[in-house]
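Topology and contacts: notes
Residues per chain, in single letters:
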Amino acid sequence: MSQITIINGSTDLVRVAIYKKPVLQPTLDSVAWQIVAPPPGGQTVVPIPEDYQAFAQYSLDLNNPDPTSPGLTVYQTNVVSFNETSARFVISSVSSQDTQASGAVMSQVFTDLVLNEVRMENNFGIGVLSHVQKAGQDIYAPQVLWPGGVRMEDIRTSFYLAVVSQFQYQGGTLVDEETQMTETLILEGSTATVTGSMWKGYSITTT
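Because the structure is a prediction, the values reported are computed rather than measured.

Attention now moves to the sheet that holds strand β2 (residues 15–19). Strand order in the open sheet formed by four strands is β3-β2-β15-β16, with antiparallel pairing between adjacent strands. Edge positions in the sheet fall to β3 (34–36) and β16 (184–186), since each of these pairs with one other strand and no more. Neighbour-to-neighbour, the strand axes of this sheet turn through a mean angle of 30°, independent of strand direction.

Below, the structure written as structure tokens:
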């Protein structure tokens, strides 16, 4: 398992977001996969597992099918782990043996693959909220897939780091205006050092 080491070379309590950018759909938001806060003069080592996880959430309330709506019962497909850079997943309908209940299931299929593309297709009868995670945390923003909809990601992309405010949380959407000043590409196995101060601004260097 590879890792990223983040050193706090400042005297402040800094918070650093680790994230990836969606390159196949660059207009989508980035989310904070991890947020770490090494103490002043200290460091945090972040393990990077090889596997990703794919699954979808949905609501069976036809009057309000958005699973993010408060108060709804949210259902979830099975979670499929994978580490291939070319993968295809299909969300389809499944019924219980007595046909009294139905739901959605996610399957990994190995036909019609597109090189270096992770693809998710919704063949379920209602829209779902699709997830691509690493270590159990969204690494790309959850995305709605309507019936017949398709999602595509290129997971080969590198990680980025940026200093963020105390109000930013793991899984939250990152704001370009906040990250652009310190955004730094980091390769797995590298070390990043944060220097500067709240008053003069921060910078990140990697080795």
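Moving on: the sheet that holds strand β1 (residues 2–8). Read across the open sheet, the four strands follow the order β4-β1-β17-β18; overall the sheet is mixed. The outermost strands of the open sheet, each flanked by one partner alone, are β4 (43–48) and β18 (201–206). Neighbour-to-neighbour, the strand axes of this sheet turn through a mean angle of 20°, independent of strand direction. Here four bridges tie β1 to strand β17 (residues 191–197), and the two strands are oriented parallel to one another. Bridging across to β17, T5 finds its partner in T191.

This part takes up the environment of P40. The topology assignment puts P40 in the loop between β3 and β4. Using a relative accessible area of 38% as the deciding quantity, one classes P40 as partly exposed. For P40 and E178, which are 138 residues apart along the polypeptide, the C-alpha to C-alpha distance reads 21 Å.

Another point: the environment of E121. Relative to the assigned elements, E121 resides in strand β10 (residues 118–122). Between the C-alpha atom of E121 and that of I91, which follows or precedes it by 30 residues, the distance is 6.1 Å. Only 3.0 Å separates the side chain of E121 from the side chain of R119, close enough to count as a polar contact.

Let's shift gears to a negative patch on the surface. Where like charges cluster on the molecular surface, the negative patch consists of E50, D51, E84 and E188. Owing to a relative accessible area of 31%, E84 belongs among the partly exposed residues under this scheme.

On to the packing of aromatic side chains, then. Counted according to the given criterion, the structure contains six aromatic pairs. Their ring planes at 35° and their centres at 5.4 Å tell us that W33 and F159 sit as a pair that is tilted. Residue W33 is found in the loop between β2 and β3, and its partner F159 is found in strand β15 (residues 159–164); the two are separated by 126 residues along the sequence. Considered together, W33 and F159 belong to a single accessibility category, that of buried residues. Put simply, the rings of Y52, F82 and F89 touch in pairs and so form one group of aromatic residues.

Mapping N122 onto the fold places it in strand β10. We classify N122 as buried; its relative accessible area is 0%. Dropping the residues within four chain positions of it, N122 is found in contact with I91, G127, V128, L145, W146, P147, G148 and G149.

This part takes up the pairing of β2. Among the five residues of β2, four are classified as buried, and the element is accordingly described as predominantly covered. Judged from the five bridges that link them, β2 and β15 form a sheet pairing that is antiparallel. The partner of V16 across the bridge, within β15, is V163.

Conventions and cut-offs
Residues numbered from 1 in each chain as written. Predicted model: local features only at pLDDT ≥ 70, side-chain atom pairs only at ≥ 80, totals over all residues. Heavy atoms only, no water. Pairing = 2+ DSSP bridges. Helix = DSSP H or I, 4+ residues; strand = E, 2+ residues; numbered from the N terminus. Axes fitted to C-alpha atoms, helices over the stretch in contact; angles between N-to-C directions. Buried < 20%, exposed > 50% of the residue type's maximum accessible area, 1.4 Å probe, protein only. Polar contact = N/O pair within 3.5 Å; in protein donor to acceptor, adjacent residues only side chain to side chain. Patch = residues over 30% accessible without salt bridge, like charges linked within 9 Å, V, L, I, M, F, W, Y side chains within 5 Å. Areas by Shrake-Rupley, 256 points an atom, 1.4 Å probe, with all protein chains shown as cover. Salt bridge = Lys/Arg side-chain N within 4 Å of Asp/Glu carboxyl O. Lys, Arg positive; Asp, Glu negative; His and termini not counted. Charge placed at Lys NZ, Arg CZ, Asp CG, Glu CD. Phe/Tyr/Trp six-rings, centres within 6.5 Å; stacked < 30°, edge-to-face > 60°. Contact = heavy atoms within 4.5 Å.

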